[in-house]
Amino acid sequence: MIDVNNTTNQFPVINKSNELYDRIKRIIPSGTHTLAKGVSQYVDGIAPKFLERGSGSIVWDVDGNEFIDFTMAVGPLSLGYSYYRVDEAIKEQLAKGISFSLLNPLELEAAELIQEVVPNAEMVRFARGGADVTSMAVRLARAYTGKSKILCCGYHGWHDWYVSVTPRNNGIPNQVQELTNTFEYNNIQSLIDSIDENVAAVILEPVTFFEPKDNFLQNIAEVCKQNGIVLVFDEMWTGFRMALGGAQEYFGIKPDLATYSKAIANGMPLAVITGKSEIMKLIENDVFIYSTFGGEALSLAAAKATINELKDKKVPQYLNEIGYVLKNGINTILEEVGIDYIKAIGYNFRLMLDINHPTIDSLIVKSFIQQELIRKGILWSTYYNMSYSHTTELINYTIESHRLVFEKLKNVVDKGNIENEIRGIPIQPLFRKVSNFNTKPRQ
Ligand SMILES: Cc1ncc(COP(=O)(O)O)c(C=O)c1O
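In this text the structure is predicted, and so the values were computed from the model without any measurement.

Draft legend 1. Structural context of the overall build of the protein. Summing up its helical and strand segments, the protein has 14 helices and 14 strands in all. Relative to the compact-globule value of 22 Å for 443 residues, the protein shows a C-alpha radius of gyration of 22 Å, a close match. In terms of its C-alpha atoms, the protein occupies a principal-axis envelope of roughly 65 × 55 × 45 Å. Out of the 443 residues in the protein, the part that is buried amounts to 56%.

In structure tokens, the structure reads:
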């Protein structure tokens, strides 16, 4: 597959993908359970729609086409597909049982391991998905403070309290919508302006793609302390990637509560909330948070194996190194090719292409890049989610493939015909935003 000098790569045949999609869209609303995996985020007609298997950072679609994957299941695959140590742990547990009628020792063992690596983990509780634990944090903060409002910055999942601030808030009562406001990253004043006596929690992604400036995170912690507000770090992306303990370890700031998922169990559905005992202990009496699958054992076995492997192999350090090579490589090529409206940005463990052409819609530019990367056997959608299975060889191939793609891009942009060169339906806007949040408190 890997031949960077092959400029004649054809688009993959995706007949089976298309066939399955025709069926799935009739039975599953919007055709996907995860927006970022859906057809709207890929050039329709060119990109595969269904993946069948993966190994390391390579995936195969249902038509048998092979790609290097840079989405890595939208975050979870910190180690890679079919990763031996994790898969063996899952198999071993599968032979013993998946769910039990009483407690299982894995609940304790996984919690103790998390306590070892996450600085604020005085207590730990498991759930299945990211939205479960961000919503737990919100409920705990409200119970602890006796206040109701939430101030947030970033994306935090599908539940009412968060989605109420987005344009897709149909089905959420006004009373709920009135209780959440947003603030702007790196703008401490926007947070201060949103605070009133009824704010229970400030929840934010500690970093997305931009570095915190002027002690932004420290200042948030201070403002929360002064106002009796519970500080929550949403570490879905930063956890077990930026450092094992996430941004709280990296920046040396302990939030009152923190929420993790994605990278923790290399693809198994597990989420964790960690935090101060004083707050977490409310679950013992006043706050009701229980669910059937909270202690499901396969995911906990996977988490134990994943965390140990991340630790043993110093994976956060590797992601930083390999991500730096990729970021630097892409930016050097952009400069050499003479494209000044695109830049690879972000912390090295998770990069993105920031596209700002003065006249061409960034989704059109992105669609062209995606289409041409697909031709080179690279599956990409804005982000480069680095994993331990992205080897130096694959990264070098990826960098050189970008050179060919950017040369083509320059050519079609100079000719003024980029739209005609997109061979399918371009990528559609995504609901998630990473900047320009609505900063106005609700009236
Ligand atoms: C920062 C952040 N918080 C929360 C969530 C919600 O997680 P889930 O989709 O597992 O509910 C996501 C999902 O992408 C996320 O990126």
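Here the narrative resumes, following the displayed structure.
Draft legend 2. Representation of the environment of G424 within the structure. Relative to the helices and strands, G424 resides in the segment after helix 14 (392–415). A relative accessible area of 22% places G424 in the partly exposed class. Taking the C-alpha atoms as reference points, G424 and Y250, 174 residues apart in sequence, are found 42 Å from one another. Apart from residues lying up to four places away in sequence, G424 is in contact with V43, D44 and I46.

Draft legend 3. Spatial organisation of the sheet that holds strand 2 (residues 58–61). With respect to topology, four strands assemble into an open sheet ordered 1-2-3-13, the strand pairing being mixed. Two strands in the sheet have a free side with no partner beyond their single neighbour: strand 1 (51–55) and strand 13 (378–379). Summarising the sheet, strand 3 (residues 66–69) and strand 13 pair through two bridges and their orientation is parallel. Looking at strand 13, one finds that I68 is bridged to I378.

Draft legend 4. Representation of the domain arrangement of the protein. Once the domains are mapped, the protein shows domain 1 (15–69 + 314–421) and domain 2 (84–312). Measuring from the centre of the C-alpha atoms in domain 1 to the corresponding centre in domain 2 gives 29 Å. The partner domain 2 presents 20 residues to the 15 residues of domain 1 that form the contact. Counting each side, the surface lost to burial between domain 1 and domain 2 is near 1,500 Å², with a carbon and sulfur contribution of 67%. Summed over the three residues of domain 1 that lose the most area to domain 2, namely Y347, F349 and R350, the buried surface amounts to 47% of that side. Seen at the junction of domain 1 and domain 2, the total is zero salt bridges.

Draft legend 5. Representation of the site of the ligand within the structure. As a structural note, the neighbourhood of the ligand is formed by 12 residues, with G130, A131, D234, W237 and K262 the closest of them. Interatomic distance of 2.6 Å between a side-chain N/O atom of D234 and a nitrogen atom of the ligand. A distance of 3.1 Å is found between an oxygen atom of the ligand and a side-chain nitrogen or oxygen belonging to W237. Out of a free accessible area of 390 Å², the ligand has 80% covered by protein chains. Each residue belonging to the shell around the ligand can be placed in one class, and the counts come to four nonpolar, four polar and four charged.

Draft legend 6. The arrangement of the environment of I27 in detail. Among the structural elements, I27 can be located in helix 1 (residues 15–27). For I27 and L310, which are 283 residues apart along the polypeptide, the C-alpha to C-alpha distance reads 39 Å.

Draft legend 7. Highlighting the packing of aromatic side chains. Summed over the entire model, instances satisfying the criterion amount to 12 aromatic pairs. Plain terms: the ring middles of F70 and Y384 are 5.6 Å apart, the flat faces sit at 70 degrees to each other, and that makes the pair edge-to-face. Within this pair, whereas F70 is found in the loop between strand 3 and helix 2 (84–96), its partner Y384 is found in strand 14 (residues 383–385), the two being separated by 314 residues in sequence. The buried category is assigned to Y384, whose relative accessible area is 0%. Ring geometry for W380 against Y384: centres 6.0 Å apart, planes inclined by 40 degrees, an arrangement best described as tilted. No difference in accessibility class separates W380 from Y384, as the two residues are buried. Feature note: the residues Y250, F251, Y347 and F349 constitute an aromatic cluster, connected by ring pairs.

Draft legend 8. Structural context of unusual backbone geometry. Residues other than glycine seldom take positive phi values, yet N186 does so here, at roughly 65 degrees. You can see N186 is positioned in the loop between strand 6 (180–182) and helix 7 (188–194). Judged by relative accessible area, N186 falls into the partly exposed class, the value being 27%.

Draft legend 9. Representation of the side chain of T134 in the model. For T134, the location among the structural elements is in helix 4 (residues 130–145). With residues up to four places along the chain from it excluded, the contact list for T134 reads H156, W161, I203, D234, M236 and T259.

Draft legend 10. Focus on the nonpolar core. Ranked by size, the top nonpolar core spans 109 residues in total, and within it L204, I342, I369, F406 and L409 carry the most contacts. Both domain 1 (15–69 + 314–421) and domain 2 (84–312) contribute no fewer than three residues apiece to this core. Aside from chain neighbours lying at most four places away, what touches I369 is I342, L353, I355, W380, V405, F406 and L409. Grouped together as the second largest cluster of nonpolar side chains are 29 residues, V133, A200, V232 and L257 included.

Draft legend 11. Helix 3 (residues 105–117), seen in detail. The end-to-end C-alpha distance of helix 3 is 19 Å, a good match for the 18 Å that 13 residues give at a rise of 1.5 Å each. Within helix 3, burial applies to L106, A110, A111, L113, I114 and V117. Down the axis of helix 3, the sector holding all buried residues measures 160 degrees, keeping them to one side. Turned more than 90 degrees from where helix 3 packs its buried face, P105, L108 and E116 sit exposed. Those residues of helix 3 hidden inside the fold are in contact with helix 2, strand 4 (123–127), helix 9 (247–251), strand 10 (271–275) and helix 11 (297–312).

Procedures and definitions
- Residues numbered from 1 in each chain as written.
- Predicted model: local features only at pLDDT ≥ 70, side-chain atom pairs only at ≥ 80, totals over all residues.
- Heavy atoms only, no water.
- Helix = DSSP H or I, 4+ residues; strand = E, 2+ residues; numbered from the N terminus.
- Rg over C-alpha atoms; globule rule 2.2 N^0.38 Å.
- Buried < 20%, exposed > 50% of the residue type's maximum accessible area, 1.4 Å probe, protein only.
- Contact = heavy atoms within 4.5 Å.
- Pairing = 2+ DSSP bridges.
- Domains from an automatic or database assignment.
- Buried area = accessible area lost by both parts, 1.4 Å probe.
- Salt bridge = Lys/Arg side-chain N within 4 Å of Asp/Glu carboxyl O.
- Near = heavy atom within 4 Å.
- Polar contact = N/O pair within 3.5 Å; in protein donor to acceptor, adjacent residues only side chain to side chain.
- Areas by Shrake-Rupley, 256 points an atom, 1.4 Å probe, with all protein chains shown as cover.
- Nonpolar A, V, L, I, M, F, W, Y, C, P; charged D, E, K, R; others polar.
- Phe/Tyr/Trp six-rings, centres within 6.5 Å; stacked < 30°, edge-to-face > 60°.
- Core = buried A, V, L, I, M, F, W, Y, C linked by side-chain atoms within 4.5 Å.
- Expected span 1.5 Å × (residues − 1).
- Arc of directions from axis to C-beta.

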